[in-house]
Amino acid sequence: MSLATPSDYSLARDLCSYGYFLLEPNLWDPKSGVYSTTLNIEGLAVTVRVRQGEAIGAPLVVRADCVLGASQRRHVREQLVRVLRLDEHAATIAEFHGIDPRFASTGRGRLMRSATLFEDVLKTVTSCNVTWPSTLNMNRRLCAVFGTRSASGAYSFPTAAKLARARPTTLRARCSVGYRDVRMVGLARIFAAAERGKRSELDLARLVDSGTPDQAVFDALIELPGIGPYAAANILQLLGRYSRLPLDTESIRHGKTVLGFKGSPAQIMKKVNAHYEPFGAHKFRSYWFELWSHYEQKRGPSWMWERETTGKTFTAALLD
DNA sequence: GGTAGACCTGGACGC
DNA sequence: GCGTCCAGGTCTACC
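These figures come from a predicted structure and were not determined experimentally.

(A) Just the layout of surface pockets, in detail. Each pocket or cavity is described by its volume, and for the second largest pocket that value is around 520 Å³. Forming the walls of the second largest pocket are 28 residues, and the residues nearest its centre are Gln79, Ala115, Thr116, Leu117 and Phe118. Of all elements in the fold, only strand S3 (34-41), helix H2 (70-84), helix H4 (117-126), helix H8 (180-195) and helix H9 (204-208) reach the threshold of two or more residues within the lining of the second largest pocket. Among the residues making up the lining of the second largest pocket, the classes are represented as 14 nonpolar, 10 polar and 4 charged.

(B) Spatial organisation of the pattern of salt bridges. Per the counting criterion, the structure on display carries 17 salt bridges. With its nearest N and O atoms 3.1 Å apart, the salt bridge here joins glutamate 88 to arginine 285. Within this pair, whereas glutamate 88 is found in the loop between H2 and helix H3 (90-99), its partner arginine 285 is found in helix H14 (residues 283-299), the two being separated by 197 residues in sequence. The exposure class of glutamate 88 is buried, given its relative accessible area of 10%.

(C) Examining the protein's contact with DNA strand B more closely. In the vicinity of DNA strand B, the residues found are Ser134, Asn137, Arg172, Ser176, Gly178 and Tyr179. At 3.0 Å, a side-chain N or O of asparagine 137 approaches a phosphate oxygen of DNA strand B. Contact distances for DNA strand B include 3.2 Å between a phosphate oxygen and a side-chain N or O atom of serine 176. By residue class, the composition of the surface near DNA strand B is 1 nonpolar, 4 polar and 1 charged.

(D) Seen up close, the pairing of S3. Here S3 lies mainly inside the structure; 8 of its 8 residues are buried. Going residue by residue along S3, you find Val34, Ser36, Thr38 and Asn40 tucked away on one face and Tyr35, Thr37, Leu39 and Ile41 tucked away on the opposite face as well. The pairing of strand S2 (residues 27-29) with S3 spans 3 bridges and is antiparallel. Across the sheet, residue leucine 27 finds its bridge partner in S3, namely serine 36. Counting the residues in the hairpin turn of S2 and S3 gives 4 residues, including glycine 33, whose phi is positive at 70°. In textbook terms, the turn of a hairpin is the stretch between consecutive antiparallel strands, and for S3 and strand S4 (residues 44-52) this stretch comprises 2 residues, one of which, glutamate 42, has a positive phi near 50°.

(E) Representation of the protein's contact with DNA strand C in the model. Lining the immediate surroundings of DNA strand C are 16 residues, of which Asn129, Gly226, Gly228, Ala231 and Asp248 lie closest. Sugar plus phosphate, as a fraction of atoms of DNA strand C within 4 Å of the protein: 60%. Contacts to DNA strand C include valine 130, whose backbone N or O atom sits 3.5 Å from a base nitrogen. Measuring from a sugar or linking oxygen of DNA strand C, one finds a side-chain N or O atom of threonine 249 at 3.2 Å.

(F) Just unusual backbone geometry, in detail. Geometrically, the link from glutamate 24 to proline 25 is a cis peptide bond, its omega value of 10° lying close to zero. Residue position: proline 25 is located in the loop between helix H1 (11-15) and S2. Even without being a glycine, asparagine 129 presents a positive backbone phi close to 60°. The residue asparagine 129 is located in the loop between H4 and helix H5 (132-146) in this model. Phi at serine 176 is positive, roughly 55°, even though this residue is not glycine. Assignment of secondary structure puts serine 176 in the loop between helix H7 (168-175) and H8. Classification of serine 176 by relative accessible area gives partly exposed; the value is 42%.

(G) Molecular detail of the nonpolar core. With 49 residues, the main nonpolar core has Leu15, Phe21, Val50, Leu80, Leu84 and Trp288 as its most contacted residues. Listed by contribution, the elements that provide at least two residues to this core are H1, S3, S4, strand S5 (60-64), H2, H5, helix H13 (265-275) and H14. Considering every element that reaches this core, the biggest residue donor is H14, with 7 residues. Discounting residues that sit within four places of it in the chain, valine 50 has contacts with Leu11, Gly33, Val34, Tyr35, Leu60, Val61, Val62, Leu80 and Leu84. In this structure, Leu171, Cys175, Phe191 and Val217 belong to the second largest nonpolar core, which totals 40 residues.

Reading the values: rules and limits
- Residues numbered from 1 in each chain as written.
- Chains lettered and ligands numbered in written order.
- Predicted model: local features only at pLDDT ≥ 70, side-chain atom pairs only at ≥ 80, totals over all residues.
- Heavy atoms only, no water.
- 1 Å grid on protein atoms, 1.4 Å probe; cavity = no way out; pocket = protein on both sides within 12 Å on 5 of 7 lines; lining within 4 Å.
- Points joined across faces, edges and corners; volume = space filled by probe spheres on them.
- Helix = DSSP H or I, 4+ residues; strand = E, 2+ residues; numbered from the N terminus.
- Nonpolar A, V, L, I, M, F, W, Y, C, P; charged D, E, K, R; others polar.
- Salt bridge = Lys/Arg side-chain N within 4 Å of Asp/Glu carboxyl O.
- Buried < 20%, exposed > 50% of the residue type's maximum accessible area, 1.4 Å probe, protein only.
- Near = heavy atom within 4 Å.
- Polar contact = N/O pair within 3.5 Å; in protein donor to acceptor, adjacent residues only side chain to side chain.
- Pairing = 2+ DSSP bridges.
- Core = buried A, V, L, I, M, F, W, Y, C linked by side-chain atoms within 4.5 Å.
- Contact = heavy atoms within 4.5 Å.

These figures capture arrangement, not role.
Now the structure itself:
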């Protein structure tokens, strides 16, 4: 199938814009410029290969590894639109560049995310209190153990319903998630209940409703098991809300080495937060693409990173 | 409201 | 090859 893109869209740039593009089930091949992933489509695992022609704004060509019906094709389309941020129009990105012109020349503005909100939440939990290689490992194991296998042998990310039935001890033993086991199964149960439309601690419709204030979404997220201030702010940006910063040790490193701030870690965090305040609703984009530019100075353009080589090397200490 | 300590895994390092 | 140390957010208990 063919997917229309915004007029300023670049698959290589806009996919390779956030670390999750290095996590399974995602795979970007720098040599061929093909993005592949395995989606869960109504219980069927479908591996898709996505490529774009040479021109910016050219449509995407999507090939699946099996024959799909009309409803399945619609779901593939919806999930790819979410992952690739095809719903963020050129005008929105131009608005960001009006506020922060530093990224107008590269066109940076879109942030890649996962096929579902549940996957974004779980990926965020796998990135808390671990170094990046462990995050890579947890996502690989989660897909291999609890994902669904496609015709071409790849695995999708587990659904909330599947993980909700898992034993925490199995997650710990087979996916190396450590003490996150109970929290992850707890999250899966909450999401599975919400997806079934049952009474749940989580109102999914309210989370994705653009009319809901950021503070209300943050308050709802922070009530979830395993979700603290950092994770909630990160999920907020994955929901397309850029007014808050997920502050972590990377923020402190960036504050010290790039922005030249001095003081205790807590003081530096406050300074970093205040530094990006002028960017308002686009605060996170300015922060993130500044950080991302720093990574690219150290490691080369992100669309040249490979999951199994460059992708494994990201730790704060190595980026100082 | 602020903070100390426990929670796990995997990599680095010393022996 | 083994033991020790360290990085990394969240959560609970306590002041």
